Amino acid sequence: MSEVLQDSEFGEDVATQAQVSILPTAERAPAHPEALAHRNLLDGPFWQRLAAYAKVPEADFLDHQWQAKNSITNIPRLLGALAGLVSPEFIRDAENGFHHAPMPVRVSPYLLSLIDWSNPWDDPLRIQFIPLLSRRLPDHPKVDLDPLHELQDMPVPGLTHRYPDKALFLPVATCPVYCRFCTRSYAVGLDTEEVHKLTFSVDPERWRAAIAYVASRPELEDILISGGDATQLRADQITFLGESFLAIPHVRRIRIATKGLAVLPQKFLTDDAWTDAITGIADKGRKQHVDVMIHTHINHPNEITSITKAAADKLCERGILVRNQAVLLRGVNDDVATMGLLAKRLSYLNIHPYYVYVHDMVKGVEELRTTVATGQHIEKQIRGLVGGFNMPTFVVDTPGGGKREVHSHEHYDRETGVSVWVSPVVHPGQYFCFFDPIHLLPAEGQARWARPEEHDRIVEEALAVARSKA
Ligand SMILES: *Cc1c(COP(=O)(O)O)cnc(C)c1O
Ligand code: SF4
């Protein structure tokens, strides 16, 4: 830069230099329309494609209360909404799926209207929200109900303090929809036939204990209000929580987690009290120089419509930054094209793609998990597609060790699918293992896992290699 400025002061020199310097000659072909596909957002009354919603006017469909009231929570309601659209075979499969799922079922009409019902078996949104028994695979022997071991780092009920300067608080245990693969299936949602939950319900006593804990720990600067989902809190509850944390002088950053933008963007458009409560906390935070932002959870480009954009635009106008945390899901977004499109579409809405998590070791959803290698491959292929600040970090949330960048393992045995990680800040000197799904391993690896007496040896071998490299 400074050279350019200097040159322009010496007019003559510039002319001579121009003759010897290389002229920019690259001719770039016009962008292929495909390259702009991320801007093609579903618009208009798309929900009316479903017979059940054919007469629903826009005013109703944009009403968050209408969405909540008409959410599908059981098979009869699903049947009602899909009458004539799907085969009896699909309904039977879903019914069996509901009975065996670790998560309760809840789907908003908005989501339901985004599913391609001509092929529900493979639709990326169906896969995330409606379980089918026929697709179920046996759990990995190392899968458990609290895959992140959050309960081990919980000083008060519903508050996890694992990392030095941040705390994760679960104020509420319900969500506007339930993701089949929820990493907190130990706590989120109502009891199911498969799982009796440890519920962290809205309880002023419990909230006060969590706030008091944060106040008592001067090292805590970063508070995550997670869940459950913030859309389930009333406006006054948001304000109470936000103001309580803002009143603690050492709190410098607050993140409010909600899947609302993905599954109920109507909330931001028609629940003014709620949206204003979030805005109020953000405004108050800004005046105190405290960062207040929203973390959301969008996994597939089809989850982003013109309604999502209207909600994101509103937050943008109010100066509230949104970050996205996606989960890498088999059959949903585990390919380069889909993840690339997702990163571009999120960027287009000015939602920062923050993380992509390799699917945690969650019970009952083995068919949704992928390998660490898949995460590495996609990361490598899409880096450069969007601005560096919009490039998600691909992470493995190791049970007990926390998030690790997907390429940073100490050892990774592709045959047994065991990866070994360290986490110097969280637990110095310890190793943490993560396990690829067995059905995606080569035959030799599958054969070893088929023998229970081999399991300890498989893990010991991997740990020995990791130690030998240290
Ligand atoms: C993910 C997580 C956080 C936040 O981590 P970041 O990497 O800062 O997003 C904090 N606490 C717990 C227990 C977590 O799992
Ligand atoms: S919205 Fe989040 S907390 Fe709720 S079910 Fe989905 S993943 Fe779990």
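Treat the numbers as computed from the prediction; the structure is a model and nothing was measured.

Basis of the calculations
Counting of residues starts from 1 at the beginning of each chain's written sequence and follows it residue by residue. Chains carry letters and ligands carry numbers; both start at the beginning, A for chains and 1 for ligands, and go up in the order they are written. With the structure being a predicted model, the display of local features is reserved for residues of pLDDT at least 70 and the display and counting of side-chain atom pairs for 80 or more, all residues being used for whole-chain, interface and lining totals. Each side-chain value is worked out from all heavy atoms of the structure, with water and hydrogens disregarded. What makes a salt bridge here is a side-chain nitrogen of Lys or Arg within 4 Å of a carboxyl oxygen of Asp or Glu, nothing more. Going along the chain from the N terminus, every DSSP run of H or I of four or more residues is numbered as a helix, and every run of E of two or more is numbered as a strand. Here the term buried applies to any residue with accessible area under 20% of the maximum for its type, exposed to any over 50%, and partly exposed to those in between, with areas from a 1.4 Å probe on protein chains only. The rule for a residue being near a molecule or strand is that one of its heavy atoms must lie within 4 Å of it. Each residue is assigned to one class: nonpolar for Ala, Val, Leu, Ile, Met, Phe, Trp, Tyr, Cys and Pro, charged for Asp, Glu, Lys and Arg, and polar for all the others, Gly among them. For this analysis, a polar contact is any N or O atom pair within 3.5 Å, provided that within protein one partner can donate a hydrogen and the other can accept it, and provided that sequence-adjacent residues contribute only side-chain to side-chain pairs. Working rule for contacts: check all heavy atoms of both residues, and any pair within 4.5 Å makes them a contact. For every accessible area listed, the method is Shrake-Rupley and the probe measures 1.4 Å; residues are considered covered only by the protein chains on display. Think of it this way: a Phe, Tyr or Trp ring, Trp meaning its six-membered ring, pairs with another when their centres are within 6.5 Å, and the plane angle makes it stacked under 30 degrees, edge-to-face over 60, tilted otherwise. Consider the ring centre and the ring normal. A charge sits over the ring if Lys NZ or Arg CZ is within 6 Å of that centre and within 35 degrees of that normal. Each residue gets a pLDDT score, which is the predictor's confidence in that residue and runs from 0 to 100. A helix is expected to span 1.5 Å for every residue after the first. Strands were regarded as paired on the criterion that DSSP finds at least two bridges between them. Here an angle of 0 to 180 degrees is reported between the N-to-C directions of two axes, which are lines fitted to C-alpha atoms, with helices fitted over the stretch in contact. Convention used here: angles under 35 degrees read as roughly parallel, angles over 145 as roughly antiparallel, angles from 65 to 115 as roughly perpendicular, and any remaining angle as oblique.

### Comments concerning the pattern of salt bridges
Counted under the stated rule, the structure contains 22 salt bridges. Of the charged contacts in the structure, one is a salt bridge between Arg180 and Glu367, with a shortest N-O distance of 2.7 Å. Of this pair, Arg180 sits in the loop between strand 2 (166-169) and helix 9 (204-216) while Glu367 sits in the loop between strand 7 (351-358) and helix 16 (372-382), placing them 187 residues apart in sequence. Taking the relative accessible area as the measure of exposure, Glu367 reaches 10% and is therefore buried. Ionic pairing is found between Glu379 and Arg383, a salt bridge with its closest N-O pair at 3.0 Å. Overall, Glu379 belongs to the buried group, its relative accessible area being 9%. Connected through shared salt-bridge partners, Asp165, Glu221, Asp222, Arg253 and Arg255 make up one network.

### Section: the site of ligand 2
Around ligand 2 lies a shell formed by Met103, Cys175, Tyr178, Cys179, Cys182, Gly228, Lys259 and His297. Along the lines of polarity and charge, the residues of the shell around ligand 2 split into 5 nonpolar, 2 polar and 1 charged.

### Quick word on the side chain of Gln266
Structurally, the position occupied by Gln266 is in helix 12 (residues 266-270). Reaching out from Gln266, the side chain makes a polar contact with the backbone oxygen of Phe61 at a distance of 3.3 Å. Residues in contact with Gln266, not counting those within four places in the same chain, are Phe61, Leu62, Asp63, His64, Gln67, Tyr110, Asp271 and Ile307.

### What about the site of ligand 1?
Around ligand 1, the neighbouring residues are Thr160, Tyr163, Lys166, Leu168, Leu224, Arg255, Tyr354, Tyr355 and Lys403. Within the side chain of Arg255, one N or O atom sits 2.7 Å away from an oxygen atom of ligand 1. Within the complex, 92% of the 380 Å² of free accessible area of ligand 1 lies under protein. Looking at the shell around ligand 1 residue by residue, the class counts come to 5 nonpolar, 1 polar and 3 charged.

### Describing the packing of aromatic side chains
All chains considered together, the criterion is met by 15 aromatic pairs. A centroid spacing of 5.4 Å and a plane angle of 80° characterise the contact between Phe46 and Trp47, whose relative ring orientation is edge-to-face. Aromatic pair Trp47 and Phe61: ring centres 4.2 Å apart, planes at 10°, arrangement stacked. Of this pair, Trp47 sits in the loop between helix 2 (11-20) and helix 3 (58-61) while Phe61 sits in helix 3, and the two are 14 residues apart along the sequence. Per residue, the accessibility class of Trp47 equals that of Phe61, and both read buried. Every member of this aromatic cluster is reached through a ring pair, and the members are Phe46, Trp47, Tyr53, Phe61, Trp66 and Tyr110. In this arrangement the basic side chain of Lys166 is found over the ring face of Tyr163, its NZ or CZ atom lying 4.4 Å from the centre. Between Arg323 and the ring centre of Tyr354, over which it is positioned, the NZ or CZ distance is 5.6 Å.

### Some details on the confidence of the model for the protein
Averaged over all residues, the pLDDT of the protein is 92; the fraction at 70 or higher stands at 95%. Ignoring residues within four places in sequence, the model shows residues 1-5, a span with pLDDT below 50, making 0 contacts including any to other chains.

### Here we look at helix 10 (residues 235-246)
Across its 12 residues, helix 10 extends 16 Å between first and last C-alpha, which sits within 8% of the 16 Å expected from 1.5 Å per residue. Residues of helix 10 that are buried: Gln237, Ile238, Leu241, Gly242, Ser244, Phe245 and Leu246. Check the buried side of helix 10 and you find it contacts strand 2, helix 9, strand 3 (222-225), strand 4 (253-257) and helix 13 (272-287).

### Thoughts on the sheet that holds strand 3
Remark on secondary structure: sheet strands pair via backbone hydrogen bonds, oriented parallel or antiparallel. Here 9 strands make up an open sheet; going across it, the order is 1-2-3-4-5-6-7-8-9 and the pairing mixed. Every interior strand has two partners, whereas the edge strands, strand 1 (159-160) and strand 9 (402-405), have only one. Pairing of strand 3 with strand 4, which is carried by 4 bridges, proceeds in the parallel orientation. In the strand pairing of strand 4, Asp222 is matched with Arg253. Across the sheet, helix 15 (residues 336-348) is in contact with strand 6 (322-328), strand 7 and strand 8 (393-398); its angle to strand 7 comes to roughly 150°.

### So, the packing of helix 10 against helix 13
Relative orientation of the contacting elements helix 10 and helix 13 amounts to 10°, with a least axis distance of 8 Å. Our classification of the angle between helix 10 and helix 13 gives roughly parallel. Where helix 10 approaches helix 13, its residues Ala235, Ile238, Thr239, Gly242, Glu243 and Leu246 are matched on the opposing element by Ala273, Trp274, Ala277, Ile278, Ile281, Lys284 and Gly285. In terms of residue class, the contact of helix 10 with helix 13 is built from 8 nonpolar, 3 polar and 2 charged.

### What to know about the environment of Asp436
Looking at the secondary structure, you find Asp436 in the loop between strand 12 (431-435) and helix 17 (443-449). By relative accessible area, which is 2% here, Asp436 ends up buried. Once the C-alpha coordinates of Asp436 and Met361 are considered, the two residues, 75 residues apart in sequence, prove to be 8.9 Å apart. Discounting chain neighbours no more than four positions away, the residues touching Asp436 are His140, Arg369, Thr370, Thr371, Val372, Tyr412, Gly417 and Leu441. Here the side chain of Asp436 touches Tyr412 through a polar contact of 2.6 Å, side chain to side chain.

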